[in-house]
Amino acid sequence: MRLFTLFPQRFHTMIDTLNNQFGIPNAVTIAEGNGGLPKAVLTHSSGSSCEVYLHGAHITSWKNATGDELFFLSRESWWQSDKPIRGGIPVVFPQFGGRGPLPQHGFARTSEWELVCSGLLDNGIVNIDLQMRESAETLALWPHRFTLGLRVLLDENALTVGARVTNTGEQPFDFMMALHTYFRVADITKTAVVGLQGTTYVDTLQENARIVESRPEIRFAAETDSVYPNAPDSLRVAEEGNGRTIGISKTDMPDVVVWNPWIAKSQRMPDFGDDEYVHMVCVETGVIETKPVLLPGEKWEGETTFRIE
Ligand code: TA6
């Protein structure tokens, strides 16, 4: 039984408290989301919007001004405090995938974050900041003190997500961090990822073979799971299915991952519909191969902007 189900009144009090503290009329509202999990709903004056769950600081929706959903969210997603949400932008930290002893993709996406600020900027951009820090649970997994901040900036045609890692402990640490972004597409077979030509990538499905990307457009006809270290800072997801292109521009997030589970892996994922691989592609940005090292007191920052072109 989930806490919110046990104490619904306490939960609603929390929502009311968060709205009193961070709500901004016609811009930021805190509401009850799926599974009773609290979420922040950001609405731009143009009509664009996004939703951010405090669970995992997880962006689950980004809609354009006419209400078209631009991110993929699985109909089978879990909405539980001990599970990651499937879709949107899972925050990966301090480990990517199974590249170490921690749970897959680390613990940030299954942690409860706190809202630290909200704002309606002079240029109309709507902003919220969320933060998590070490806890008894994280220290048991990863013996470092840190703060991890996520900044969300919603504009008419763009969504910027910034991340900041600060070493608040006494020992240096290195880490991986990524925005594991799921784009919604009409048809994966009519979708291309553009901008990686010439980059050497690691094909995790071919025993991590390192291959020079010769394709001007990456298209999909099978499971794809490729890591592009030090990739260009400007990419595009081009969808012929609905004539939409999303530009991706990144700063200090050198590495890119392109992933589609295709048929067999989709069938092995309990929180993902067997047919849903047709309607998504992950293009992820972060520091995966190039792990920053932070001395006590040092911080790392990186950001990615998604723009409707
Ligand atoms: O980003 C690609 C990847 O590492 C894939 O190997 C696949 O495991 C995907 O992440 C999803 O991982 P998850 O733990 O969210 O099921």
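Residues numbered from 1 in each chain as written. Predicted model: local features only at pLDDT ≥ 70, side-chain atom pairs only at ≥ 80, totals over all residues. Heavy atoms only, no water.

With that out of the way, let us pick up the overall build of the protein chain. Helix and strand counts for the protein chain come out as four helices and 23 strands. Against the globule reference of 19 Å for 309 residues, the protein chain gives a C-alpha radius of gyration of 19 Å, in line with a compact fold. Based on the C-alpha atoms only, the size of the protein chain along its principal axes is roughly 55 × 50 × 40 Å. Taken across its 309 residues, the protein chain has 54% of its residues classed as buried. Carbon and sulfur atoms make up 48% of the accessible area of the protein chain, which totals about 13,200 Å². (Helix = DSSP H or I, 4+ residues; strand = E, 2+ residues; numbered from the N terminus. Rg over C-alpha atoms; globule rule 2.2 N^0.38 Å. Buried < 20%, exposed > 50% of the residue type's maximum accessible area, 1.4 Å probe, protein only. Areas by Shrake-Rupley, 256 points an atom, 1.4 Å probe, with all protein chains shown as cover.)

Counted residue by residue, strand β19 (residues 244-251) has six buried out of eight residues, so it is predominantly covered. Note that strand β18 (residues 234-239) and β19 share six bridges and pair antiparallel. In the strand pairing of β19, V237 is matched with I246. Taking the residues between adjacent antiparallel strands as the criterion, β18 and β19 are bridged by four residues, where G243 takes a positive phi near 65 degrees. As paired strands, β19 and strand β23 (residues 299-308) are joined by six bridges and run antiparallel to one another. Paired with I246 across the two strands is I308, which belongs to β23. (Pairing = 2+ DSSP bridges.)

Moving on, we come to the environment of R219. With respect to the helices and strands, R219 occurs in the loop between β16 (217-218) and β17 (224-228). With 21 residues separating them along the chain, R219 and G198 place their C-alpha atoms 16 Å apart. Apart from residues no more than four positions distant in its own chain, R219 is found in contact with T189, K190, T191, A192 and E240. Polar contacts involving the side chain of R219 include one to the side chain of E217, which spans 3.0 Å. (Contact = heavy atoms within 4.5 Å. Polar contact = N/O pair within 3.5 Å; in protein donor to acceptor, adjacent residues only side chain to side chain.)

Once that is clear, we can look at the environment of M176. Here M176 shows up in the loop between β10 (173-174) and β11 (177-179). Between the C-alpha atom of M176 and that of N208, which follows or precedes it by 32 residues, the distance is 18 Å. In this view, M176 contacts V92, F93, P94, Q95, F96, R99, V287, I288 and K291; residues no more than four positions away in its chain are not counted.

An order of β6-β7-β8-β9-β23-β19-β18-β13-β16 is seen for the nine strands of this open sheet, with the pairing classed as antiparallel. Of all the strands in the sheet, the pair left with one neighbour each is β6 (114-120) and β16. Two strands pair when backbone bridges link them, and strand β9 (residues 158-167) and β23 are joined in this way by nine bridges, in the antiparallel orientation. Bridge pairing in β23 places G162 opposite E303.

Let us now look at the pattern of salt bridges. Counted by the stated rule, this structure contains 17 salt bridges. The residue D271 makes a salt bridge to R86 at a minimum N-O spacing of 3.0 Å. Here the residue D271 occupies a position in the loop between α4 (262-268) and β21 (280-287), and R86 occupies one in the loop between β4 (58-63) and β5 (91-92), the gap between them amounting to 185 residues. In this pair, the class of D271 matches that of R86, namely buried. R145 serves as the salt-bridge partner of E134, at 3.1 Å between the closest nitrogen and oxygen. Of the two residues, E134 sits in the loop between β7 (126-133) and α3 (136-141) while R145 sits in the loop between α3 and β8 (146-154), which places them 11 residues apart along the sequence. Overall, E134 belongs to the buried group, its relative accessible area being 16%. (Salt bridge = Lys/Arg side-chain N within 4 Å of Asp/Glu carboxyl O.)

For the rest of this paragraph, the subject is the packing of aromatic side chains. By the definition in use, this model includes 21 aromatic pairs. With 6.2 Å between their ring centres and 75 degrees between their planes, F173 and F175 make a pair best called edge-to-face. In terms of burial, F173 and F175 fall into one category: buried. What links up through ring pairs into an aromatic cluster is the set F93, F107, W142, F146, F173, F175 and W300. The cationic tip of K83 hangs over the ring face of W78; the distance from NZ or CZ to the ring centre is 4.4 Å. (Phe/Tyr/Trp six-rings, centres within 6.5 Å; stacked < 30°, edge-to-face > 60°. Lys NZ or Arg CZ within 6 Å of the ring centre and 35° of its normal.)

Turning our attention to the site of the ligand. Taken together, R86, F96, Q104, H105, R109, H180, D225, V257, W259, K265 and E284 make up all the residues around the ligand. Q104 is positioned such that a nitrogen or oxygen atom in its side chain is 3.1 Å from an oxygen atom of the ligand. Take H105: an N or O atom from its side chain is 3.0 Å from an oxygen atom of the ligand. Burial of the ligand by the protein amounts to 85% of the accessible area it has alone, namely 390 Å². (Near = heavy atom within 4 Å.)

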